[in-house]
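# An overview of the molecular structure
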Amino acid sequence: MVLQILISAFFKPRDGSRMNLVSEVIFRRFSTTDLERVMEINRTCLPENYSPHFFLDVYANCPEAFIVAEVDREVVGYVMCRMESGFSDLGGFRLVRKGHIVSLAVKSHFRRRGIATTLMSSAISALTAQGASEAFVEVRVTNGPAINLYQKLGFRIVKRVPRYYLDGVDAYVMSISTSQFR
Ligand SMILES: CC(C)(COP(=O)(O)OP(=O)(O)OC[C@H]1O[C@@H](n2cnc3c(N)ncnc32)[C@H](O)[C@@H]1OP(=O)(O)O)[C@@H](O)C(=O)NCCC(=O)NCCS
């Protein structure tokens, strides 16, 4: 899976002016050689950090839905997901296969250009192909940008989990039916 899009990025030359350059973003499946870079993005963008083993474990569970975004051969964002089974979050007392979006981040300099949207769309397509009928994500109730992103993609808040995070912040669980996703 390799998808290429063009983004318009602002770069600041030494004289302080702004140059609007067009860069190519490549979306491709994670490879273990990306691990260090992905962990660095995770550390700089999120308070939830994990061991190398954890990243590789998620990758082994669903390699198709661990996707990175690359600009000028530099990884600038990632999404990683796991396939799980459980009761539907979207109504009805039934067991379903669910795609769990475990972690998503885009380096700050590359935000607001649709990179997370494409990472998420690609991951949900991969999860659907693996048999997920739903996808879900936990998000801090204070994380406005991420909540907006998920709502824009069609996720809805299905539950609030008190003190979900180690620092005591609550989480929303946000879910979507993969059949409704396009
Ligand atoms: C959340 C995050 C992944 C979004 O990445 P991104 O590449 O900038 O997202 P996109 O450009 O695809 O944005 C899509 C939509 O999300 C919403 N959004 C994204 N950033 C936003 C912000 N700072 N404020 C408000 N809404 C925002 C908007 O609705 C946006 O659409 P628009 O630009 O047309 O208004 C990024 O801000 C990030 O890495 N944050 C830190 C890590 C994190 O919070 N991860 C999610 C954990 S659950």
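Provided above is the structure to which this section pertains.
This report concerns the structure included in the present document. (Residues numbered from 1 in each chain as written. Predicted model: local features only at pLDDT ≥ 70, side-chain atom pairs only at ≥ 80, totals over all residues.)

## Let's talk about the site of the ligand
Taken together, 21 residues surround the ligand, and among them Arg111, Ala116, Thr117, Pro145 and Leu149 come closest. When residues of the shell around the ligand are traced back to their parent elements, those giving at least two are β5 (95–106), α3 (115–129), β6 (134–140) and α4 (144–153). Of the residues forming the shell around the ligand, the biggest block, 6 residues, is contributed by α4. The residue makeup of the shell around the ligand, split by class, is 12 nonpolar, 5 polar and 4 charged. (Near = placed C-beta within 6 Å. Helix = DSSP H or I, 4+ residues; strand = E, 2+ residues; numbered from the N terminus. Nonpolar A, V, L, I, M, F, W, Y, C, P; charged D, E, K, R; others polar.)

## Thoughts on the pairing of β5
Along a regular strand, successive side chains alternate from one face of the sheet to the other. Burial within β5 is extensive, with 9 of its 12 residues counted as buried. Examined bridge by bridge, β5 and β6 share 4 bridges and lie parallel to one another. Looking at the pairing, Lys98 lines up with Glu134 of β6. Handedness of the crossover joining β5 and β6 through α3 is recorded here as right-handed. (Buried ≥ 20, exposed ≤ 12 C-beta atoms within 10 Å, placed from the backbone. Pairing = 2+ DSSP bridges. Right-handed = clockwise from strand over helix to strand, strands pointing away.)

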